[in-house]
Amino acid sequence: MPTFTIGEQDFMLDGQPHRILSGALHYFRVHPDQWADRIRKARQMGLNTIETYVPWNAHAPSPGVFDTSGGLDLGRFLDLVAAEGMHAIVRPGPYICAEWDNGGLPAWLFDRGAAAIRADDPVYMAALTEYLEQLAPILVPRQVDAGGPIILIQIENEYGAYGADRFYLEKLVKVNREIGLTVPFTTVDQPQDDMLANGSLPELHKTGSFGSRSAERLETLRRHQPTGPLMCSEFWVGWFDHWGAHHHTTTVEQSANDLDVLLSLGASVNVYMFHGGTNFGLTNGANDKGVYQPIVTSYDYDAPLDEAGNPTPKYWAFRDVISKYTKLDDDDVPAPAQLGSELTVALTRSLPLWDCLDRLGKWTSHEGLRSHDDLGHYSGFTLYRSRLQTSGTAVLDFDEVRDRAQVFLDRQPVGILSRDHHETSLALPGDASGTLEILVEDQGRVNYGPRLGEEKGLIGAARVNGELLWDWDVLPLALDDIVAVSAALEEEVPVPDSPVSGPVFAQGNFDHPGGGDVFLSTKGWTKGLVWINGFCLGRYWSRGPQATLYVPGPLLRKQGNTITVLELQAATTASVSFVAAHDLGHTEF
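Being a predicted model, the structure only gives us computed values, none of them experimental. (Residues numbered from 1 in each chain as written. Predicted model: local features only at pLDDT ≥ 70, side-chain atom pairs only at ≥ 80, totals over all residues. Heavy atoms only, no water.)

Student: When you look at the sheet that holds strand β14 (residues 343-346) in this model, what are you seeing that I'm missing?
Tutor: Adjacent strands of a sheet form backbone hydrogen bonds with each other and so pair up, either parallel or antiparallel. If you walk across this open sheet you meet the 4 strands as β14-β34-β28-β31, and the pairing is antiparallel. Each of the sheet's edge strands pairs with one partner strand only, and the pair in question is β14 and β31 (548-551). Here the strands of the sheet are splayed against their neighbours by 30° on average, with no regard to which way each runs. In terms of strand pairing, strand β28 (residues 518-521) meets β31 through 4 bridges, oriented antiparallel. For phenylalanine 519, the partnering residue across the bridge sits in β31 and is tyrosine 550. (Pairing = 2+ DSSP bridges. Helix = DSSP H or I, 4+ residues; strand = E, 2+ residues; numbered from the N terminus. Axes fitted to C-alpha atoms, helices over the stretch in contact; angles between N-to-C directions.)

Given below as structure tokens:
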């Protein structure tokens, strides 16, 4: 069987020096029917390895569940890597960051009584041990010494930026070994002395994460890893976007030059990202360094392979650089992508959110507010309801809103409270009496730093004119399966008004005979979610920078497709437009 080890100077494959030329490709951000295409294009760029994180919370959305079906079939993904003649680096965390909801950690960890995460806490350690044991049947038989593609496993993820609990790292290593992992273990940290010192152990091979000043960063890394190969295991070639901010890009020339310097110094590399993909559904994370900033749906990352799987100028520039260090077949290049047809679809059916609440969940009554987490509702939307009886001026106030609350009185919009603007109070109409309803959106859990694991929803207490508002009914909205709403929409065929007033579901049908990828323009719409044939593409928001949603071709049928939109506020149109991927796939931000 093949062997892979870490030598005094090099990675050693079957006893021979080996340079890792890897690209990050997250199986959970790509439609499974497109995995093989993306993997092949990585090899065609000159890469010999695919790296992926493993999102614990996606596989285990609730305690006692471990899902490896469909887009979460990690075993199939690794088999496709092997079929392409490539190796794999797997980063199971348990924390992954990755601009992914809660950094990949399940929100239910604290329900089990964990006092701390990413630390030597017995409840947390028991949960992550169970998680790794569930991964073992997938990972262990696919290690290189068993004839599989996996050559490296990463322990934790940039731990030096979070903590310095050596007992935790030692126990994590022990668990990974006990489940049967035998390949070398690595750690990754930014090339700062404190992070490199705190984020690893003497027996683990240290690697760096950076995207520029390659020579300087490798020199810092060498001080902390005096033997063995140097590796940048996150070579940042782009960046991620927040709603309301600008679209991040890096220049082709600078990125290619930094890669060239890195390889000229003999280092191995993992391009982060080779292909970013999409935060489908409600999977995006957020950052909060004083201001809450949710991540957009696209994870294009300005990567060499764009969100629709098309090579960009950065792809060809990187391929030219890599060809200086390994032999490439000039005739083995990516085939042109199949592009879908442009079309406009009328949304011919609509149903106010208020009219289908009984299909989306069950009300519970409480004294005082309950967070989403208190209700076991770890992602999405929750509706809070109470009764008001006031006279004169009234001010509604909450201790904290996570993350966005639309306030209605007798189902008339009153205002919006937004976490990113630090808004927690608003004035109600004079002599406010009636039914108060508050639709709260979890816009993505923080994925980096000390706010990991925080609760969502309305936090603390609610007051009107300083008096506690005590009695609440709460309804978590089950939007992961839109079948119930679709059934309600099909019972009647009312034509929605234009403009559309939300919160409302709107739906239409269309054919797509030519096949191929398309992008859905969200021009004219304000904020909400979109489903195609029951699959949630993700969030849209008029504040930008993202102005389209990627629609993978495999989601579409030649005939009889259904699009469902949940518009939370208002739209100026009762139709949607699809545009060929090559027009908007990399530039419409």
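Student: Would you explain the side chain of serine 371 in this entry?
Tutor: Residue placement: serine 371 occurs in the loop between β16 (364-367) and β17 (381-389). Within polar-contact distance, the side chain of serine 371 engages the backbone nitrogen of aspartate 374 at 3.0 Å. Among all residues touching serine 371, those that are not within four sequence positions of it are Tyr384, Glu455, Lys456, Leu458 and Ile459. (Polar contact = N/O pair within 3.5 Å; in protein donor to acceptor, adjacent residues only side chain to side chain. Contact = heavy atoms within 4.5 Å.)

Student: Honestly, the side chain of asparagine 270 in this entry has me stumped. Any pointers?
Tutor: Take asparagine 270: it is sitting in strand β11 (residues 268-275). Residue classification places asparagine 270 among the buried positions, given a relative accessible area of 1%. Only 3.3 Å separates the side chain of asparagine 270 from the backbone nitrogen of alanine 24, close enough to count as a polar contact. Beyond its immediate chain neighbours, meaning those up to four positions away, asparagine 270 contacts Ser22, Gly23, Ala24, Glu51, Met231, Cys232, Ser233, Glu234 and Phe235. (Buried < 20%, exposed > 50% of the residue type's maximum accessible area, 1.4 Å probe, protein only.)

Student: How should I be thinking about the nonpolar core in this particular structure?
Tutor: Note that soluble globular proteins tend to have their nonpolar side chains buried in a common cluster. Among the nonpolar cores identified, the biggest contains 101 residues, and Trp56, Phe77 and Tyr124 are the most heavily contacted of them. Setting aside its immediate chain neighbours within four residues, phenylalanine 77 contacts Leu25, Tyr27, Trp35, Ile39, Ile50 and Thr52. Ranked by size, the runner-up nonpolar core spans 24 residues in total, among them Leu529, Trp531, Leu566 and Leu568. (Core = buried A, V, L, I, M, F, W, Y, C linked by side-chain atoms within 4.5 Å.)

Student: What is the right way to read the pattern of salt bridges from this model?
Tutor: Once the charged atoms of two side chains with opposite charge are near each other, the side chains can pair. Under the definition given, this model contains 32 salt bridges. Between arginine 419 and glutamate 454 there is a salt bridge; the shortest N-O distance is 2.7 Å. Here arginine 419, found in the loop between β20 (412-418) and β21 (425-428), pairs with glutamate 454, found in the loop between β22 (433-441) and β23 (457-464); they are 35 residues apart in sequence, far enough to count as distant. In terms of burial, arginine 419 and glutamate 454 fall into one category: buried. Between arginine 451 and glutamate 454 there is a salt bridge, with the nearest N and O atoms lying 2.8 Å from each other. Salt bridges linked by common partners bring Asp288, Glu400, Arg402, Asp403, Arg419, Asp442, Arg451, Glu454 and Lys456 together as one network. (Salt bridge = Lys/Arg side-chain N within 4 Å of Asp/Glu carboxyl O.)

Student: Please clarify how the sheet that holds β23 should be interpreted in this entry.
Tutor: What the 4 strands build is an open sheet, ordered β21-β18-β23-β24; its pairing is antiparallel. Strands at the two margins of the open sheet, each flanked by one partner only, are β21 and β24 (467-468). Relative to β23, strand β18 (residues 394-402) runs antiparallel, the two sharing 6 bridges. Its bridge partner lying in β23, valine 401 is registered against leucine 458.

Student: Could you clarify how one ought to interpret the environment of tryptophan 525 in this entry?
Tutor: Counting through the fold element by element, tryptophan 525 comes out in the loop between β28 and β29 (527-532). Using a relative accessible area of 5% as the deciding quantity, one classes tryptophan 525 as buried. Residues in contact with tryptophan 525, not counting those within four places in the same chain, are Leu347, Tyr540, Ser542, Val565, Glu567, Ala570, Ala571, Thr573, Ser575 and Val576. A distance of 3.2 Å separates the side chain of tryptophan 525 from the backbone oxygen of serine 575, its partner in a polar contact.

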